[in-house]
Amino acid sequence: MQVNSIKFFVDTADVAAIRELNDLGMVDGVTTNPSLILKSGRNILEVTREICDIVSGPVSAEVVATDAKEMIAEGMKLAKIAKNIAIKVPLTWAGLTACKAFASEGHMVNVTLCFSAAQAILAAKAGATFISPFIGRLDDNNFDGTDLIEDIRIVYDNYDTRTQILAASIRSVNHIVDCAKIGADVVTAPPAVIKAMANHILTDKGLEVFLADWAKTGQKIL
Ligand code: G3P
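Criteria and thresholds
Residues numbered from 1 in each chain as written. Predicted model: local features only at pLDDT ≥ 70, side-chain atom pairs only at ≥ 80, totals over all residues. Heavy atoms only, no water. Near = heavy atom within 4 Å. Polar contact = N/O pair within 3.5 Å; in protein donor to acceptor, adjacent residues only side chain to side chain. Areas by Shrake-Rupley, 256 points an atom, 1.4 Å probe, with all protein chains shown as cover. 1 Å grid on protein atoms, 1.4 Å probe; cavity = no way out; pocket = protein on both sides within 12 Å on 5 of 7 lines; lining within 4 Å. Sits in = over half its atoms within 2 Å of the grid points. Nonpolar A, V, L, I, M, F, W, Y, C, P; charged D, E, K, R; others polar. Points joined across faces, edges and corners; volume = space filled by probe spheres on them. Helix = DSSP H or I, 4+ residues; strand = E, 2+ residues; numbered from the N terminus. Pairing = 2+ DSSP bridges. Axes fitted to C-alpha atoms, helices over the stretch in contact; angles between N-to-C directions. Contact = heavy atoms within 4.5 Å.

## Some details on the site of the ligand
Next, step 1: Taken together, the residues surrounding the ligand are Asp11, Asn33, Lys88, Phe134, Arg137, Ala168, Ser169 and Arg171.
Next, step 2: At 2.6 Å, a side-chain N or O of Arg137 approaches an oxygen atom of the ligand.
Next, step 3: Arg171 has a polar side-chain atom sitting 2.9 Å from an oxygen atom of the ligand.
Next, step 4: Its free accessible area being 310 Å², the ligand has 82% of it covered by the protein chains.
Next, step 5: When each cavity is represented as a set of grid points, the ligand is found to reside in the largest pocket.
Next, step 6: Of the residues assigned to the shell around the ligand, the class counts are two nonpolar, two polar and four charged.

Right, here's the structure in full:
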């Protein structure tokens, strides 16, 4: 079933958490980074392959080299893991050079560590499939993360730019709602934040009252 909504990528290398959300149809893709690989305690090639077996959408796997030539070699190795790999490169000149090379070969590329609209314009020109602006880390440093999403939306829409805005470093349910209001194409969020979207104090209170009243009826449905 085709659902028209903001896309959800899960920002984790925790296979069990990905599987749980994927079974609910909540996963349009996955993003990983070196810190998330460390947290998983797994080998990058093995865990990424396992994730690609579960999820059919783009799975971002990040290079760790800092010069373009080595980044390209690492990215080509990561791309061999599965057809749905999006090679993740940092927003540096070397990363943009590698992005251009990967895009020319038909690979999906996620340009990460984006903190300005100027950087997002460069990523689009280098052929990025996704640009990853980090909202939470901007907020942590007293910038407004959602303002950046808004700015990138404006400049991309001015030129029908095909690069998708993948809002990253999501820390709260409100971040996700703000991104959806602005029109980010994708949010990547930790599983706990996606699950927290279901929570509302009035839902809990309402259910408590309904169940108490139901008990008083003495009825059963089954
Ligand atoms: O995928 C990268 C990004 O989402 C990192 O988030 O919370 O470490 O800033 P965070």
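## What to know about the layout of surface pockets
Next, step 1: Its boundaries defined by the atoms lining it, the largest pocket holds a volume of some 370 Å³.
Next, step 2: Forming the walls of the largest pocket are 23 residues, and the residues nearest its centre are Asp11, Thr12, Asn33, Leu36 and Pro190.
Next, step 3: Looking at the lining of the largest pocket, the elements with two or more residues in it are α2 (34-40) and β8 (186-189).
Next, step 4: The greatest single-element share of the lining of the largest pocket, amounting to four residues, is contributed by α2.
Next, step 5: Taken together, the residues of the lining of the largest pocket sort by class into nine nonpolar, eight polar and six charged.

## Points about the sheet that holds strand β7 (residues 164-167)
Next, step 1: A barrel is described by the order of its strands in space; here eight strands give the closed sequence β1-β2-β3-β4-β5-β6-β7-β8, paired in parallel fashion. Between one strand axis and the next, the sheet turns through 30° on average, direction left out of account.
Next, step 2: When strand β1 (residues 7-11) meets β8, the two strands line up parallel, connected through four bridges. By the bridge assignment, Phe9 is partnered in β8 with Thr188.
Next, step 3: Most of the contacts of helix α5 (residues 93-104) go to strand β4 (residues 85-90), to which it runs at about 160°, and overall it touches β4 and β5 (108-114).

## Observations concerning the side chain of Gln164
Next, step 1: Residue placement: Gln164 occurs in strand β7.
Next, step 2: There is a polar contact of 2.7 Å between the side chain of Gln164 and the side chain of Lys7.
Next, step 3: Beyond its immediate chain neighbours, meaning those up to four positions away, Gln164 contacts Lys7, Thr129, Phe130, Ile131, Asp185 and Val186.

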